[in-house]
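The chain contents come next:
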Amino acid sequence: AAPRGTLVFLTGGPGQPGVPFLSRVRQRLGSALDGYRLVMFDQRGTGAGALDCPALQRQMGASDLTVPAPAAVRSCAAAIGPDRRFYATADTVADIEALRAALGVARLTVDGVSYGSYVAERFALAHPGEVSRLVLDSVVPSWNVDPLQLVNMRQSAAVLRDVCAAQRCGFDPASDLATVVRRYHDGPALLDMLVSLSVGDPSFPGVPAALHAAAAGHPDALTTLMARVRTADAATAGELSQGLHASALCADMPMPWGGPATPLADRPAALARAVDRLTPAQVWPFDRATAAGNGFIQTCLNWPPSPAPSPAAPSPGTVHAELPRIPVLLLAGGHDLSTPLAGARAQAALAPDGRLFVVPAAGHSVQNRAAGDPAQAELARFLG
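Keep in mind the model is a prediction, meaning the values are calculated, not measured. Sequence order as written defines residue numbering, which begins from 1 separately in each chain. Where local features are concerned, this predicted model is filtered to residues with pLDDT of at least 70; where side-chain atom pairs are given and counted, the filter is 80 or more; whole-chain, interface and lining totals use all residues. To obtain the side-chain values, all non-hydrogen atoms of the structure were used and water was disregarded.

Q: What is the right way to look at the packing of helix 7 (residues 173-184) against helix 8 (residues 187-200) in this model?
A: To characterise two packed helices, one gives the angle between the axes of the helices and the distance between these axes. Running from N to C, helix 7 and helix 8 cross one another at 140°; their axes reach a closest spacing of 9 Å. Here helix 7 contributes L177, V180 and V181 to the contact with helix 8, which in turn contributes G187, L190 and L194. Taken together, the residues of the contact of helix 7 with helix 8 break down into five nonpolar, one polar and no charged. Lines are fitted to the C-alpha atoms to define the axes, a helix being fitted only along its stretch in contact, and any angle between axes, read from their N-to-C directions, falls within 0 to 180 degrees. In DSSP terms, a helix is any run of H or I states spanning at least four residues, a strand is any run of E spanning at least two, and both are numbered starting from the N terminus. Contacts between residues were defined by any pair of non-hydrogen atoms, one from each residue, lying within 4.5 Å. Any residue that is not Ala, Val, Leu, Ile, Met, Phe, Trp, Tyr, Cys, Pro, Asp, Glu, Lys or Arg is counted as polar, Gly included; the first ten are nonpolar and the last four charged.

Structural data, given as structure tokens:
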């Protein structure tokens, strides 16, 4: 008995399964699900059928931005083979439509977190008549994220300053971060750590003090913290498949060199040209080397050419597509550095019947946090 219809909940990554999280989602969402039939599934290439690339998996775990060895990227692509072209978002969108038909329902409520929000948007754009409402949590805009991570880098300054103000630490952690990046040239690793903490612990425990000490020439605490975060990011392919992560992102993301069919030999020069055009203000408190060297870029730089996927939705005639006129709730955490608030705001401006709800001190996946989270009450009102 589901008088309010079927709600399909989409997890993130790409690479995260759905089925293992069914009990957690049901518990976290609680009464918001009253009257709904909750459906979760393992998106293709995840879960029990995960694409498994042992070397790449060991190096990256659950991280988006850890920089993998080129050999691990190439061996993963070779192991998957030509079938890697079948793991784009367009394929998952087609799978959801097949699932809707199999469930025998005319319309779905779709709730997507992180990459799941992108899948939800692309499904709504491709099948506007089959969606009754959308929940977009930790929003990846429908035009995807910037692989250079410019917004994420700039937003780290505001988030660290907010954390420091709450702790009354008495110094500027953003300036300390800039000093550390210049001194140790470890921008990609620092960005990876900060993004991971915004997912796992958005209070950023110990980060301002460790950055301040490193800026003064004492990096030991920061080195220890970075190692601890990397260890916590370990994950099996069944938990988050890095093979699927690479297959989907390198097919979907708008790269500086163009689409996924661009020959490998043409990519470094195109990347260099794009990075050379960046101003210091666009990357501060990081640097151009962080933009060029983050895990997104370095994975896809070495991912072999594949045919461009079919579009997941009819071309709207513009890069930034307006969502259908259906109720849309957008949820965002003010401390989220994985999918920063700016992306949610940009997507909200293209949701004619949308509402953006921000939890200032929350990080990534705001509706999935502990009981008492204000996002859960907002979700219950929206779905009810």
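What follows picks up the thread again.
Q: I would appreciate a short explanation of the packing of aromatic side chains in the present structure.
A: A ring pair, where both rings are aromatic, is described by two values, the distance of the centres and the angle of the planes. Centres within 6.5 Å are what make two rings of Phe, Tyr or Trp a pair, Trp counting through its six-membered ring; a difference in plane orientation under 30 degrees is then read as stacked, over 60 as edge-to-face, and the rest as tilted. Under the definition given, this model contains one aromatic pair. Their ring planes at 35° and their centres at 6.2 Å tell us that Y115 and Y118 sit as a pair that is tilted. Of the two residues, Y115 and Y118 are both situated in helix 5 (residues 115-126); the distance of three residues between them amounts to about one turn of the helix. Grouping residues by exposure puts Y115 and Y118 together as buried. Positioned above the aromatic ring of F382 is the side chain of R133, whose terminal nitrogen or guanidinium carbon lies 5.1 Å from the ring centre. The buried label goes to any residue with under 20% of its type's maximum accessible area, the exposed label to any with over 50%, and the partly exposed label to all in between, with areas taken from a 1.4 Å probe on protein chains only. Note on geometry: a ring has a charge over it if NZ (lysine) or CZ (arginine) is within 6 Å of the ring centre and within 35 degrees of the ring normal.

Q: For this particular structure, what's the right way to read the nonpolar core?
A: One broad trend across soluble globular proteins is that nonpolar side chains are buried collectively. For the purposes of this section, nonpolar cores are sets of buried Ala, Val, Leu, Ile, Met, Phe, Trp, Tyr and Cys residues that join through side-chain atoms within 4.5 Å. Core analysis: the biggest nonpolar cluster contains 90 residues, and L134, L190, M193, L194, V207 and L222 have the highest contact counts within it. The element best represented in this core is helix 5, accounting for seven residues. The residues touching L222, leaving out its near neighbours within four places in the chain, are V180, L190, M193, A210, L211 and A214. By size, the runner-up hydrophobic cluster in this structure holds 20 residues, among which are Y36, F357, F382 and L383.

Q: What am I meant to see in the pattern of salt bridges here?
A: Salt bridges are defined as contacts in which a side-chain nitrogen from Lys or Arg sits within 4 Å of a carboxyl oxygen from Asp or Glu. Taken as a whole and assessed by the stated rule, the structure comprises six salt bridges. Put simply, R161 and D172 hold a salt bridge, and the shortest N to O gap is 2.9 Å. Note that R161 is positioned in helix 6 (residues 150-167) and D172 in the loop between helix 6 and helix 7, a separation of eleven residues in sequence. A relative accessible area of 39% places R161 in the partly exposed class. Here the residues in one salt-bridge network are R355, E378 and R381, joined through shared partners.

Q: Before we go on, may I ask you to explain the side chain of D336 in this structure?
A: Mapped onto the elements of the fold, D336 is located in the loop between strand 5 (328-333) and helix 16 (341-348). In contact with D336, not counting residues within four places along its chain, are S138, S198, L341, A362, G363 and H364.

Q: Could you clarify how one ought to interpret the state of the cysteines in this entry?
A: Throughout this description, disulfide means a covalent bond between two cysteine sulfur atoms. The rule for a disulfide is simple: a pair of cysteine sulfur atoms within 2.5 Å. Inspection of every chain in the model, using the stated rule, returns three disulfides. A sulfur-sulfur separation of 1.4 Å characterises the disulfide bridge that pairs C164 with C169. Judged by the sign of its S-S torsion, about 105°, the cystine formed by C164 and C169 is right-handed. The exposure class assigned to C164 is buried, which follows from its relative accessible area of 4%. We classify C169 as partly exposed; its relative accessible area is 22%. One disulfide in the model links C250 with C300; its S-S distance is 2.1 Å.

Q: Looking at this structure, how should I read the environment of F86?
A: Examined against the element boundaries, F86 turns out to sit in the loop between helix 3 (70-80) and helix 4 (89-103). Looking at F86, the relative accessible area reads 35%, which means it is partly exposed. A C-alpha to C-alpha distance of 9.4 Å links F86 and A251, two positions 165 residues apart in sequence. Not counting residues up to four positions away in its chain, the partners in contact with F86 are R44 and D91.

Q: Is there a simple way to think about the pairing of strand 2 (residues 36-39) in this case?
A: The side chains of a regular strand alternate, first on one face of the sheet and then on the other. Any two strands with at least two DSSP bridges between them are considered paired. In this sheet, strand 2 lies alongside strand 1 (residues 5-10) in parallel orientation, the contact comprising four bridges. Residue L7 lies in a different strand from strand 2, and its bridge partner there is L38. Looking down the strands as they point away from you, a crossover is right-handed if its path from the first strand over the helix to the second goes clockwise. Running through helix 1 (residues 22-29), the crossover from strand 1 to the neighbouring parallel element strand 2 is right-handed.

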